[in-house]
Amino acid sequence: MGNEKKNTSKAAAKAAKKQKAEAKIAKKEKKKSKKSTDALPEDEDLEAILDKINREWEDAHKVTEELVEGPPSRRANATLTPCPSGNYLWSIGGEFFSDDKKAYFYNDVYRYNPDKDEWRKFVSPTCPGPRSAHAVVPSAAGGGKLFLFGGEFSSLYQNTFHHYRDFWCFDISTHSWERLDTKIKPSARSGHRMAMWKHYIVLFGGFYDPGHRTQYLNDTWVFDTQEYKWRQIEFKDIDRKPSPRSGFSFLSTPEGIVLHGGYCKEYSKGKRPIGVMLDDTWFLRMSLETSQSLSSSTVSTDPLSLKWERRKKPSFAPHIRSGCTMSLWSAKSMGVMFGGVTDDDRDEESLESIFWNDLYGYQLIGNGRWQSMVLKKLKKAGRGGKRKAAAVQQGEPEVSDGDDDAVKTQEAKNTEGPDVDPDDPILTTPIPRYNAMLAVLKNTLYIYGGIFERGSREYTLDDFYSIQLDKLERYTCLKHSGIVIPAEGDESSSDEDDEGGESDEDGDSDNETRVEKDDEGLDLEKLDDNQHDEEVDKPVDVQHHEVRARATAFMGVSKDTTRSAEDVISTPEPGETLALFYARSREYWTQKAHGVSDNRGKQLRRDGFSFAEERYGASVRGWSALTVSPTILVARLAEYKPILEEVEKILAEAGLDEDEMRAGAAGKTAGSGGLVSSRNRR
């Protein structure tokens, strides 16, 4: 009886266990079936996500191609690079400083086809930011690529300044950009150079400007285009290497890379920095060890070997200069140099400059040799004509029988007089310039733009020339420039041409008369006298520790980089006279007057001047509150001099040159006034 009960209990347990197992299996099957049912929509969602990602990538890399009328707009410090996979030129980026001291930077990409004489512009949402003074190097691998590193950018009024350290690759076949991000890479810089040797990109030098003092570099970096890695080349302390510099020539040869020239500044404590033009030549000897030699060697496993060697200066060489980077003429293993500028920066009172338009070649092979590439002279030319032509070709000042007329950039030669043959090919030579963009395709040199200076004005050119280097018969102007450069001594009056024709018919006096006397607005002497009267009322404390504190406050009034562009243009700078303030902000005040007045012409400009004068008076009172203690009673201008001298000491201690100190004393931002030329030399 007990056994039967026990057996019944076991059977019931087995049945329950079996039922539980079946329920578990059914649950698994149901779950599996549900997964199988849901698989299709999940796959559809994944495909939709991938499709969305692909569309977003295509939109970001969509390239727009546009046929344009001519070369890029006026700009400097752009790049002009021969195409490694076709008969084209590529132009990228650049900068332009307008007459009202505004800075414009570009990131557009242009391609020039010499066979069709046409320019095309390529635009893509994914691309490097606007910049200038960057470096670009071509590579024939993968259908052709352009590698870009670094450069610089500033805000419209140059309140902020930025150096790049990004690295980009432009695919010539697809016309698209790709940013190459690596953990190790060179520091931010401008004015550096890159060259391609086998599958390595070699980068050297450049400069970095944190604000007060420019730091020039002489480090060497190598990028492996097969492994996509940067590494810095470390040399021993006893090894010779080029000094820090920027704006030099950097040309590749089968055995290595040739470096020539450049620019830097010498900083000495207690002395003003001096711009230095360099004319030394170096050779970076490079070798790539084979796998067999590496396996047999126990010393080093690095296949790439680099060593700097200084070349002896040849007996014949161009006059020392800067702003003249050479372009590689591969067919002849030669570097080609055009133009440049020679500065005499040893005099504290002025900067004398000589601009060149001569053509030289540097033989890269062996120990290096210079040769003058002079245009072939016409047999029918007379002796006097030959002498004059040679002077122009060598960059000497041109002789003109009628120096009254303004000079057009494309016709900067005088064709009058018995000694000049109008058919002389020398007359086709572009005017002198520096920082021209050069590139050689096959046997033809192309020259685009550059910078020319006359007096205190700087002219960014946009003309486009070519010359066949294997013939040297004449320059061909592919695009004339409409820029008019006044004759020597006439540049000061050119600013009045747009409004100087109007005469004073109203007979107005005082401020209204001043508006018409000079530049439709100012008698500079009277306004400066008024400014002196106001400055007489500014007493100062001559105690040194207080003078230093007030000088620091004086400098800081206009250096707040958080100010808006409108605030910068509408606020007088410490030390700025009413005449100078109105001269740089005239357009702003005229527009302000136009918004509240129905007047036009002269009367509108007078209204604008009244606004400027009112703003100037309020600012002068603000300066007094910042820099003058109310307990001081002495009010003579002579006692204000210690503060200005202390400002100069502060700026000299920061390592600024004379022009920079003047700008700093007036509270100007980097890049305004005379600083543009200094940066362009770099």
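Bear in mind the structure is a predicted one, so any value in this text is a computation, not a measurement. (Residues numbered from 1 in each chain as written. Predicted model: local features only at pLDDT ≥ 70, side-chain atom pairs only at ≥ 80, totals over all residues. Heavy atoms only, no water.)

### Quick look at the overall build of the protein chain
Right, so step 1: A count of helical and extended segments in the protein chain gives 12 helices and 27 strands.
Right, so step 2: The 682 residues of the protein chain split such that 48% are buried.
Right, so step 3: At a minimum sequence separation of 6, the contacts of the protein chain that also span at least 24 residues come to 61%.
Right, so step 4: When the accessible surface of the protein chain is split by element, carbon and sulfur atoms take 49% of a total near 35,600 Å². (Helix = DSSP H or I, 4+ residues; strand = E, 2+ residues; numbered from the N terminus. Buried < 20%, exposed > 50% of the residue type's maximum accessible area, 1.4 Å probe, protein only. Contact = heavy atoms within 4.5 Å. Areas by Shrake-Rupley, 256 points an atom, 1.4 Å probe, with all protein chains shown as cover.)

### Describing the pairing of strand β8 (residues 161–171)
Across a regular strand the side chains alternate sides, sitting on one face of the sheet and then on the other.
Right, so step 1: Extensive coverage of β8 is indicated by the burial of eight of its 11 residues.
Right, so step 2: Bridge count between strand β7 (residues 145–154) and β8: nine bridges; the pairing is antiparallel. Looking across to β8, one finds that Phe-147 is bridged to Cys-169.
Right, so step 3: In textbook terms, the turn of a hairpin is the stretch between consecutive antiparallel strands, and for β7 and β8 this stretch comprises six residues, one of which, Gln-158, has a positive phi near 60 degrees.
Right, so step 4: Across four bridges, the pairing between β8 and strand β9 (residues 176–179) is antiparallel. Looking at the pairing, Trp-168 lines up with Arg-179 of β9. (Pairing = 2+ DSSP bridges.)

### Details of the confidence of the model for the protein chain
Right, so step 1: Averaged over every residue, the pLDDT of the protein chain is 75; the share at 70 or more is 65%.
Right, so step 2: Highest mean pLDDT in the protein chain belongs to strand β10 (residues 193–197) (98); lowest belongs to helix α4 (residues 511–517) (33).
Right, so step 3: Below a pLDDT of 50 lies the segment residues 493–542, which in the model reaches 95 contacts outside its immediate sequence neighbourhood of four places, other chains included.
Right, so step 4: Every residue in residues 626–634 is under pLDDT 50, and counting partners more than four places away or in other chains gives 13 contacts. (pLDDT = per-residue confidence, 0-100.)

### Concerning helix α8 (residues 578–596)
Right, so step 1: When the terminal C-alpha atoms of α8 are compared, their 23 Å separation across 19 residues is substantially less than the 27 Å that a helix rising 1.5 Å per residue should span.
Right, so step 2: Its axis deflected by about 70 degrees at Ser-585, α8 carries its strongest bend there. (Expected span 1.5 Å × (residues − 1). Bend = angle between axes of the 7 residues up to and from the residue.)

### Things to note about the pattern of salt bridges
Right, so step 1: The full count for this structure, using the stated rule, is 15 salt bridges.
Right, so step 2: Among the salt bridges present, the one from Asp-219 reaches Arg-189, with a minimum N-O distance of 2.8 Å. In this pair, Asp-219 sits in strand β12 (residues 215–224) while Arg-189 sits in the loop between β9 and β10, placing the two residues 30 residues apart along the sequence.
Right, so step 3: On the basis of relative accessibility, which here comes to 0%, the residue Arg-189 falls in the buried class.
Right, so step 4: Asp-280 is the salt-bridge partner of Arg-245, the closest N and O atoms lying 2.7 Å from each other. Taken together, the positions of Arg-245 in the loop between β13 (229–233) and β14 (249–253) and Asp-280 in strand β16 (residues 274–288) put the pair 35 residues apart, joining distant regions of the chain. The exposure classification of Arg-245 matches that of Asp-280, with both residues buried.
Right, so step 5: Salt bridges sharing common partners tie together Glu-65, Glu-118 and Arg-120. (Salt bridge = Lys/Arg side-chain N within 4 Å of Asp/Glu carboxyl O.)

### Brief notes about the packing of aromatic side chains
Right, so step 1: For the structure on display, the rule yields 32 aromatic pairs.
Right, so step 2: Taking the centre distance of 5.5 Å and the plane angle of 75 degrees together, the rings of Phe-204 and Phe-248 count as edge-to-face. Taken as a pair, Phe-204 in strand β11 (residues 200–208) and Phe-248 in the loop between β13 and β14 lie far apart in primary sequence, 44 residues in all.
Right, so step 3: On the numbers, 5.5 Å between centres and 65 degrees between planes, the contact of Phe-223 with Tyr-228 is edge-to-face. (Phe/Tyr/Trp six-rings, centres within 6.5 Å; stacked < 30°, edge-to-face > 60°.)

### So, the pairing of strand β23 (residues 437–441)
Right, so step 1: With five of five residues buried, β23 lies mostly within the body of the structure.
Right, so step 2: In terms of strand pairing, β23 meets strand β24 (residues 444–454) through five bridges, oriented antiparallel. Its bridge partner lying in β24, Val-440 is registered against Leu-445.
Right, so step 3: The turn linking β23 back onto β24 is made up of two residues, and Lys-442 within it adopts a positive phi angle of 55 degrees.

### Overview of the sheet that holds β23
Right, so step 1: On the basis of which strands lie adjacent, the open sheet formed by four strands has the order β23-β24-β25-β26 and antiparallel pairing. At either end of the open sheet lies a strand with only one pairing partner, and these are β23 and β26 (476–479). Strand-to-strand twist in this sheet, taken as the mean axis angle between neighbours without regard to direction, amounts to 30 degrees.
Right, so step 2: Bridge count between β24 and strand β25 (residues 457–468): 10 bridges; the pairing is antiparallel. When the sheet's bridge partners are listed, Glu-453 is paired in β25 with Glu-458. (Axes fitted to C-alpha atoms, helices over the stretch in contact; angles between N-to-C directions.)

### Topic: empty space enclosed by the protein
Where empty space is left can be seen by rolling a probe of water-molecule size over the atoms.
Right, so step 1: Evaluation of the coordinates by the stated rule reveals two cavities of 30 Å³ or more.
Right, so step 2: The computed volume of the second largest cavity comes to approximately 50 Å³.
Right, so step 3: If you trace the second largest cavity, you find it lined by Ile-92, Gly-93, Tyr-106, Asn-107, Pro-128, Gly-129, Arg-131, His-134, Leu-148 and Trp-177.
Right, so step 4: Sorting the residues of the lining of the second largest cavity by element identifies β3 (89–97) and β4 (103–113) as the ones contributing at least two each.
Right, so step 5: Looking at the lining of the second largest cavity residue by residue, the class counts come to five nonpolar, four polar and one charged. (1 Å grid on protein atoms, 1.4 Å probe; cavity = no way out; pocket = protein on both sides within 12 Å on 5 of 7 lines; lining within 4 Å. Points joined across faces, edges and corners; volume = space filled by probe spheres on them. Nonpolar A, V, L, I, M, F, W, Y, C, P; charged D, E, K, R; others polar.)

### As for unusual backbone geometry
Right, so step 1: Positive phi, close to 55 degrees, is recorded for Asn-77, a residue that is not glycine.
Right, so step 2: As for its placement among the helices and strands, Asn-77 is situated in the loop between β1 (64–68) and β2 (79–82).
Right, so step 3: For Asn-435, which is not a glycine, the phi torsion comes out positive at approximately 55 degrees.
Right, so step 4: Assignment of secondary structure puts Asn-435 in the loop between β22 (407–408) and β23.
Right, so step 5: Residue classification places Asn-435 among the buried positions, given a relative accessible area of 15%.

### Description of the side chain of Thr-79
Right, so step 1: By the secondary structure assignment, Thr-79 is in strand β2.
Right, so step 2: Apart from the residues within four sequence positions on either side, Thr-79 is in contact with Trp-90, Ser-91, Ile-92, His-134, Val-136 and Met-437.

### A word on the sheet that holds strand β20 (residues 352–363)
By way of backbone hydrogen bonds, the strands of a sheet pair with one another, either parallel or antiparallel.
Right, so step 1: Pairing is antiparallel in the open sheet, where four strands are placed in the order β18-β19-β20-β21. The outermost strands of the open sheet, each flanked by one partner alone, are β18 (327–329) and β21 (369–372). Sheet twist, expressed as the mean angle between neighbouring strand axes with direction ignored, is 40 degrees.
Right, so step 2: Pairing of β18 with strand β19 (residues 334–344) involves three bridges; the strand directions are antiparallel.

### Topic: the environment of Asp-171
Right, so step 1: Secondary-structure assignment places Asp-171 in strand β8.
Right, so step 2: Those residues within four positions of Asp-171 in sequence are excluded, and the remaining contacts are Gly-144, Lys-145 and Ser-176.
Right, so step 3: Of note is the side chain of Asp-171, whose polar atom sits 3.3 Å from the backbone nitrogen of Thr-174. (Polar contact = N/O pair within 3.5 Å; in protein donor to acceptor, adjacent residues only side chain to side chain.)

### Details of the environment of Phe-452
Right, so step 1: As for its position among the elements, Phe-452 is in strand β24.
Right, so step 2: The exposure class assigned to Phe-452 is buried, which follows from its relative accessible area of 9%.
Right, so step 3: In this structure the C-alpha to C-alpha distance between Phe-452 and Ile-431, which are 21 residues apart in sequence, comes to 8.5 Å.

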